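Residues per chain, in single letters:
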Amino acid sequence: MKKFIALLLALCLMMAFVACGEKKDETPKVENLTGTMEEVITSINEKHGAVELPLMTMSLDLTDMDGVTYNTGLQSVESVSDIAISEPMMGQPYSLVLVRTKDGVSAKAVAEEMYNKIDTRKWVCMEADTKTAAYYGDVAMFFMVSSEFASQTDTTKMVEAFKAVCLGEVTVIG
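Residues numbered from 1 in each chain as written. Predicted model: local features only at pLDDT ≥ 70, side-chain atom pairs only at ≥ 80, totals over all residues. Heavy atoms only, no water.

Q: Quick question: what am I supposed to make of unusual backbone geometry here?
A: Generally, phi is negative for residues other than glycine and the peptide bonds are trans, each holding for most cases. Backbone geometry at Cys125 places phi at a positive 65 degrees, although glycine is not the residue there. Looking at the element boundaries, Cys125 is found in the loop between α4 (107–117) and β4 (130–136). For Cys125, a relative accessible area of 74% gives the class exposed. (Helix = DSSP H or I, 4+ residues; strand = E, 2+ residues; numbered from the N terminus. Buried < 20%, exposed > 50% of the residue type's maximum accessible area, 1.4 Å probe, protein only.)

In structure tokens:
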């Protein structure tokens, strides 16, 4: 009887070890986006579709902190390696900003800082009344627009275009 109980106990232990074996990580692996931030903005705009504004995309000079803060809300570029913006050539309240973070720096923190600190009234006599921020891998995205352009774009459409470029799930801040 003791041998039977010992054998049964050993069998139960073996089954427990098998059941608690190596678990696969079900979290999707996030790959960093390739290309410059200007190239990624071009891809986002292609996925989004036409916006009837004369958009201009350009990289920001990271040594020009006034320009960086004006366009991103960021107070420092210590954690940043590349910034690009896409805005109309004429002053309409529309701005798409992409920031690539340096290795090991959280894109989440950069997205949150842009969302909380950017000036939605940076244009003369105009304001963007909707905004969002999101991040994926080492890239933080910020987008703001006036709801008067809702027939062309809104924050949801821009986040969907960003997701399409990322080929994965992005995390939305606001």
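From this point, the discussion proceeds with the structure in view.
Q: Explain the sheet that holds strand β3 (residues 94–101) to me, please; I cannot follow it from the model alone.
A: Sheet strands pair by backbone hydrogen bonding; their relative direction is either parallel or antiparallel. Taken together, the 6 strands give an open sheet; going across it, the order is β1-β2-β3-β5-β4-β6, and neighbouring strands pair in antiparallel fashion. Two strands lie at the open edges of the sheet, namely β1 (55–59) and β6 (171–172), each paired on one side alone. Pairing of β1 with strand β2 (residues 80–88) involves 5 bridges; the strand directions are antiparallel. Counterpart to Thr57 in the pairing with β2 is Ser86. Lying on the sheet, helix α5 (residues 155–166) is in contact with β3, β4, β5 (139–145) and β6; it crosses β4 at an angle near 15 degrees. (Pairing = 2+ DSSP bridges. Contact = heavy atoms within 4.5 Å. Axes fitted to C-alpha atoms, helices over the stretch in contact; angles between N-to-C directions.)

Q: What's the story with the side chain of Thr120 in this structure? I'm lost.
A: Structurally, Thr120 is set in the loop between α4 and β4. For Thr120, a relative accessible area of 15% gives the class buried. A distance of 3.3 Å separates polar atoms of two side chains, one belonging to Thr120 and the other to Glu127. Each residue touching Thr120, except ones within four places of it in the same chain, is listed here: Met126, Glu127, Ala128, Lys131 and Met144. (Polar contact = N/O pair within 3.5 Å; in protein donor to acceptor, adjacent residues only side chain to side chain.)

Q: It is not clear to me how the packing of aromatic side chains should be interpreted in this structure. Could you clarify?
A: Each aromatic ring pair is specified by the distance between its two centres and by the angle formed by the two planes. Scanning the model with the defined rule gives 1 aromatic pair in all. Above the plane of the ring of Tyr115 lies Lys131, whose end atom (NZ or CZ) is 4.4 Å from the centre. (Phe/Tyr/Trp six-rings, centres within 6.5 Å; stacked < 30°, edge-to-face > 60°. Lys NZ or Arg CZ within 6 Å of the ring centre and 35° of its normal.)

Q: Where do I start with the pairing of β2 in this structure?
A: Burial analysis of β2 places 8 of its 9 residues in the buried class, the great majority of the element. Bridge analysis of β2 against β3 gives 6 bridges, and the strand direction is antiparallel. The partner of Asp82 across the bridge, within β3, is Arg100. Taking the residues between adjacent antiparallel strands as the criterion, β2 and β3 are bridged by 5 residues.

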